[in-house]
Amino acid sequence: MASISKNVRRDQAAAPSPEPLDAVDRQIIDALVADARITNRDLADAVGIAPSTALMRTRSLMERGAIESFEAKLNLSVIGRAVQALIAVRLRAHDRDQIDAFTSRVPHLPEVLATFHTSGSVDYLLHIAVRDTDALRDWVLDNLTTDPVVGHTETTLVFKHMPGHAGPLD
């Protein structure tokens, strides 16, 4: 008889299948993606449901994990972070200690907007925003080049970021 390993990490455990989104859920999500600051009354009017139903359905979407958070979208140029870059990072080795050393530090640096763990020729792709190209050079040198777990980096400047649609697929 096979036994189940007790060393399975929480993020590796099988997640329950999500409750499917119905048409009202999709309308709520679309309205919130378009304007996360919409009032509950305006959301209810846009979807064609009662305000109490809109509130209940929005809370349910949050509890089910369909909506993770509401965030302020910043204009990076206005707040002094006009230069964006994508930095491909290859680690020296692929053991748990080196991966943990990298992921416990670098994704949490204030300049890092997003970190992607990838397959292929690079291990991570970082999206960062800094003041100018001098700050970019210094950031790469101070945070990646001198890091003993980082084997190689390649930096690509972002001229323009054009976000995709964040709502549900039809």
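Please refer to the structure higher up on the page.
The text that follows walks through the structure, step by step, so that each part is easy to find.

Calculation criteria
- Residues numbered from 1 in each chain as written.
- Predicted model: local features only at pLDDT ≥ 70, side-chain atom pairs only at ≥ 80, totals over all residues.
- Heavy atoms only, no water.
- Buried < 20%, exposed > 50% of the residue type's maximum accessible area, 1.4 Å probe, protein only.
- Helix = DSSP H or I, 4+ residues; strand = E, 2+ residues; numbered from the N terminus.
- Pairing = 2+ DSSP bridges.
- Salt bridge = Lys/Arg side-chain N within 4 Å of Asp/Glu carboxyl O.
- Patch = residues over 30% accessible without salt bridge, like charges linked within 9 Å, V, L, I, M, F, W, Y side chains within 5 Å.
- Areas by Shrake-Rupley, 256 points an atom, 1.4 Å probe, with all protein chains shown as cover.
- Expected span 1.5 Å × (residues − 1).
- Contact = heavy atoms within 4.5 Å.
- Axes fitted to C-alpha atoms, helices over the stretch in contact; angles between N-to-C directions.
- Parallel < 35°, antiparallel > 145°, perpendicular 65-115°, else oblique.
- Nonpolar A, V, L, I, M, F, W, Y, C, P; charged D, E, K, R; others polar.
- 1 Å grid on protein atoms, 1.4 Å probe; cavity = no way out; pocket = protein on both sides within 12 Å on 5 of 7 lines; lining within 4 Å.
- Points joined across faces, edges and corners; volume = space filled by probe spheres on them.

### Describing the pairing of strand S1 (residues 83–91)
Link 1 in the chain: Most of S1 is tucked away: seven of the nine residues are buried.
Link 2 in the chain: Here seven bridges tie S1 to strand S3 (residues 124–130), and the two strands are oriented antiparallel to one another. Within S3, the residue paired with Ala88 across the bridge is Leu125.
Link 3 in the chain: Both S1 and strand S4 (residues 150–158) contribute to a ladder of eight bridges, which runs antiparallel. Looking at S4, one finds that Ile87 is bridged to Thr155.

### Here's the deal with the pattern of salt bridges
Link 1 in the chain: For the structure shown, the criterion picks out nine salt bridges.
Link 2 in the chain: A salt bridge links Arg64 to Asp25, with the shortest nitrogen-to-oxygen separation between them at 3.4 Å. Here Asp25 lies in helix H1 (residues 23–34) and Arg64 lies in the loop between helix H3 (51–63) and S1, a separation of 39 residues in the sequence.
Link 3 in the chain: The class of Arg64 is partly exposed, set by a relative accessible area of 27%.
Link 4 in the chain: Its salt-bridge partner being Arg137, residue Asp138 comes within 3.2 Å of it at the nearest N-O pair.
Link 5 in the chain: Taking the relative accessible area as the measure of exposure, Arg137 reaches 46% and is therefore partly exposed.
Link 6 in the chain: Look at the salt bridges and you will find they share partners, linking Glu19, Asp22, Asp25, Arg57 and Arg64 into a network.

### Quick notes on a nonpolar patch on the surface
Link 1 in the chain: Taken together, the side chains of Leu74, Val78 and Ile79 make up a nonpolar region of the molecular surface, amounting to roughly 310 Å² of accessible area.
Link 2 in the chain: Mapped onto the elements of the fold, Leu74 is located in the loop between H3 and S1.

### Describing H3
Because the α-helix completes a turn every 3.6 residues, residues three or four places apart line up on one side.
Link 1 in the chain: Here H3 spans 18 Å end to end across 13 residues, near enough to the 18 Å set by a 1.5 Å rise per residue.
Link 2 in the chain: Elements that come into contact with the buried residues of H3 comprise H1 and helix H2 (40–47).

### Quick notes on the packing of H2 against H3
Link 1 in the chain: Running from N to C, H2 and H3 cross one another at 100°; their axes reach a closest spacing of 8 Å. The orientation of H2 relative to H3 falls into the category roughly perpendicular. In this structure, H2 contributes Asn40, Arg41, Leu43 and Ala44 to the contact, and H3 contributes Pro51, Ala54, Leu55 and Thr58.
Link 2 in the chain: Here the residues of the contact of H2 with H3 sort into five nonpolar, two polar and one charged.

### Here's the deal with the layout of surface pockets
Link 1 in the chain: In this structure, the largest pocket occupies an estimated 1400 Å³ of space.
Link 2 in the chain: As for the largest pocket, its lining consists of 32 residues, and the residues nearest its centre are Glu71, Ala72, Lys73, Pro163 and Ala166.
Link 3 in the chain: Looking at the lining of the largest pocket, the elements with two or more residues in it are H1 and strand S2 (112–117).
Link 4 in the chain: A breakdown of the residues in the lining of the largest pocket according to their chemical character gives 19 nonpolar, nine polar and four charged.

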